[in-house]
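Here's the letter readout for the chains.
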Amino acid sequence: MTREGGANSQMMSVRIKRAYEKPDGEDGTRILVDRLWPRGLTKENTKVDLWLKDIAPSTELRKWFAHDPSKWAEFRSRYREELKSNKEQLLLLRQEVAKGTVTLVYGAKDQEHNEAVILQRLLTAK
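Residues numbered from 1 in each chain as written. Predicted model: local features only at pLDDT ≥ 70, side-chain atom pairs only at ≥ 80, totals over all residues. Heavy atoms only, no water.

Draft legend 1. Expanded view of the overall build of the protein chain. The number of helices and strands found in the protein chain is six helices and four strands. Along the protein chain, from the amino end to the carboxyl end, the secondary structure elements read α-β-β-α-β-α-α-α-β-α. Out of the 126 residues belonging to the protein chain, those deemed buried represent 39%. Across the protein chain, the fraction of contacts at a sequence separation of at least 24, relative to all contacts at a separation of at least 6, is 62%. (Helix = DSSP H or I, 4+ residues; strand = E, 2+ residues; numbered from the N terminus. Buried < 20%, exposed > 50% of the residue type's maximum accessible area, 1.4 Å probe, protein only. Contact = heavy atoms within 4.5 Å.)

Draft legend 2. Structural context of helix α6 (residues 115–124). Of all the 10 residues making up α6, seven are buried; the element is thus mostly covered by neighbouring parts of the structure. Every buried residue belonging to α6 is among E115, A116, V117, I118, L119, L123 and T124, and all of these are buried. The opening residue of α6, the one whose side-chain oxygen lies 2.9 Å from the backbone nitrogen of A116, is N114. (Polar contact = N/O pair within 3.5 Å; in protein donor to acceptor, adjacent residues only side chain to side chain.)

Draft legend 3. Molecular detail of the packing of aromatic side chains. In the structure shown here, the tally under the stated rule is five aromatic pairs. On the basis of an interplanar angle of 45 degrees and a centroid distance of 6.0 Å, the ring pair of F65 and W72 is categorised as tilted. For the pair F65 and W72, a shared accessibility class is recorded, and that class is buried. Here a set of aromatic residues connected by ring pairs shows up, and it is made of F65, W72, F75 and Y79. Between K53 and the ring centre of W51, over which it is positioned, the NZ or CZ distance is 4.4 Å. Above the ring of W64, the side-chain terminus of K71 is found at 4.9 Å from the ring centroid. (Phe/Tyr/Trp six-rings, centres within 6.5 Å; stacked < 30°, edge-to-face > 60°. Lys NZ or Arg CZ within 6 Å of the ring centre and 35° of its normal.)

Draft legend 4. Geometry of the side chain of T46. In this structure, T46 sits in helix α2 (residues 43–46). On the basis of relative accessible area, T46 is assigned to the buried category, the value being 1%. Reaching out from T46, the side chain makes a polar contact with the side chain of N45 at a distance of 3.3 Å. Excluding its chain neighbours within four sequence positions, the residues that come into contact with T46 are A19, P23, R30, W37 and L41.

Draft legend 5. Highlighting the nonpolar core. With 23 residues, the main nonpolar core has V33, I55, F75, Y79, L93, L104 and L119 as its most contacted residues. A total of five residues in this core trace back to one element, the largest contributor, which is α6. Other than its neighbours up to four places away in sequence, L104 contacts V14, R15, I16, K17, I31, V33, L93, A116, L119, Q120 and L123. (Core = buried A, V, L, I, M, F, W, Y, C linked by side-chain atoms within 4.5 Å.)

Draft legend 6. Structural context of the pattern of salt bridges. Applying the stated criterion across every chain yields a total of nine salt bridges. Between K17 and D24 there is a salt bridge whose closest N-O contact spans 3.1 Å. One salt bridge in this structure joins D27 and K17, with 3.0 Å as the shortest N-O distance. Within this pair, whereas D27 is found in the loop between β1 (14–18) and β2 (29–32), its partner K17 is found in strand β1, the two being separated by 10 residues in sequence. Given the relative accessible area of 1%, D27 is considered buried. The buried category is assigned to K17, whose relative accessible area is 6%. Look at the salt bridges and you will find they share partners, linking R15, K17, D24, D27 and R30 into a network. (Salt bridge = Lys/Arg side-chain N within 4 Å of Asp/Glu carboxyl O.)

Okay, here's the thing in structure tokens:
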């Protein structure tokens, strides 16, 4: 895949995947975006290249949300606010995306309502 400037090339380069899914050659750099290591997985079989614990939602926000889809809109808003004071971690993530394909790895069962979805949208906006 040729990398060209613009949102479409970035959209292709930021993937999301559950930590429990098997890593593959198209994942590129695998970045865990959870504060906690996924239960029952070893570092060897997860194949995480970078663990950005501090980009994850705060413990308080994570516990409040409790993966309740009815709280999704409010969770998104609160998490984006937290990210505004976490510029270093976001910059690090953007730098990884600029290098090539990145897969944001997360542990949540819900594939539509988790922080990786929010980060992917944030990184591919514009």
